[in-house]
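Here is what each chain is made of, one letter per residue.
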Amino acid sequence: MNFKIIAAAAALLATQSFAIIGVGAHYAPGFGTKMKAGPKAKVADNIDFSHKGYDETMQGFGFKLWIDLLPIFDIEGTFNIQFGSYDASLYVTNPTSGTESEIPLEIELGGTPFGKANPKFVAMNGDLSLTYPITSLPIIRPYIGGGLTVFANSFVLNQAYVSALVDDPTIQQLIADAAEGGATPEEIQQQQEKLQNAGEALKKRVQDKATKESINTSIGGHALVGFRLKLPIIPIAAYCNFKYYFGGDYPKEIDPGHMTLEVGGGLAI
């Protein structure tokens, strides 16, 4: 047995295996965030609107840059994006026959990496963290810390938002024309088609407006606990962080959970 090789391997494992700088990507689910559903409410004559809520884990992903160069503390920079989908619909009701038709809404949110789809509440954050590591272990580095967070989130498509868009003259005229109904099946069908056209015109205006909405930003902070794992020589590291956030402004329908898990890995040089 070559004792020199064994001794060299033992010495290698005993040395600090952590890099000066690293960059990685991670899965970042958010926990505890809830969105209140909105009841069906009138937005115009014979047109109602409602949106569902959600009480599920927000899916997300993110990217991280870390620096282990400082003598006492380390630095992390993180960007996360999380999202939850919900259903929203317009309902047009024929005042003569009482027939109701649903028009599901799909929108595209400006400032987010999503195309036209079911409405989403999107939460983004940028974190600058100062962490205190335990450096006595050769392969795993536990740490605790905290820092500053910049929050950014999208609006919620609600009844007040949709009601404000009915002021379009074209939509108002379509609604006024649909109010003039009749008793024959043909007249009722024509009235329903006019209402459907009014609903589709309102849907189009909602979609156009949504792409122009700005992202709401605010300032807060976070505390974190986590660890990084890296073998000697190999320039790859894995990490896991749990973060608790405080502060930040959210739409009134959103009850934020403030908790995020980051699990990923990357290149450590």
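Read on for an overview of the structure. Everything numeric here is computed off the predicted structure, so don't read it as measured data.

**Things to note about helix 3 (residues 169–178)**
The set of residues buried in helix 3 consists of Ile171, Ile175 and Ala178. The buried residues of helix 3 occupy one face: seen down the axis, they fall within an arc of 65°. In helix 3, the exposed positions that point more than 90 degrees away from the buried face belong to Pro169 and Thr170. Among the structural elements, strand 4 (38–44), strand 5 (47–51) and helix 4 (185–210) are those in contact with the buried residues of helix 3. The N-terminus of helix 3 is capped by Asp168, whose side-chain oxygen sits 3.0 Å from the backbone nitrogen of Thr170.

**Looking at the sheet that holds strand 8 (residues 88–93)**
Here we have four strands laid out as an open sheet, ordered 4-5-8-9, and antiparallel in their pairing. Each edge of the sheet is formed by a strand with only one pairing partner; in this case those strands are strand 4 and strand 9 (100–104). Across this sheet, the average inter-strand angle for adjacent strands is 25°, counted without regard to direction. Judged from the five bridges that link them, strand 5 and strand 8 form a sheet pairing that is antiparallel. Bridge pairing in strand 8 links Ser50 to Ser89.

Quick notes on the rules
- Residues numbered from 1 in each chain as written.
- Predicted model: local features only at pLDDT ≥ 70, side-chain atom pairs only at ≥ 80, totals over all residues.
- Heavy atoms only, no water.
- Buried < 20%, exposed > 50% of the residue type's maximum accessible area, 1.4 Å probe, protein only.
- Helix = DSSP H or I, 4+ residues; strand = E, 2+ residues; numbered from the N terminus.
- Arc of directions from axis to C-beta.
- Contact = heavy atoms within 4.5 Å.
- Polar contact = N/O pair within 3.5 Å; in protein donor to acceptor, adjacent residues only side chain to side chain.
- Pairing = 2+ DSSP bridges.
- Axes fitted to C-alpha atoms, helices over the stretch in contact; angles between N-to-C directions.

So far we have only geometry, and geometry alone does not tell us how the molecule works.
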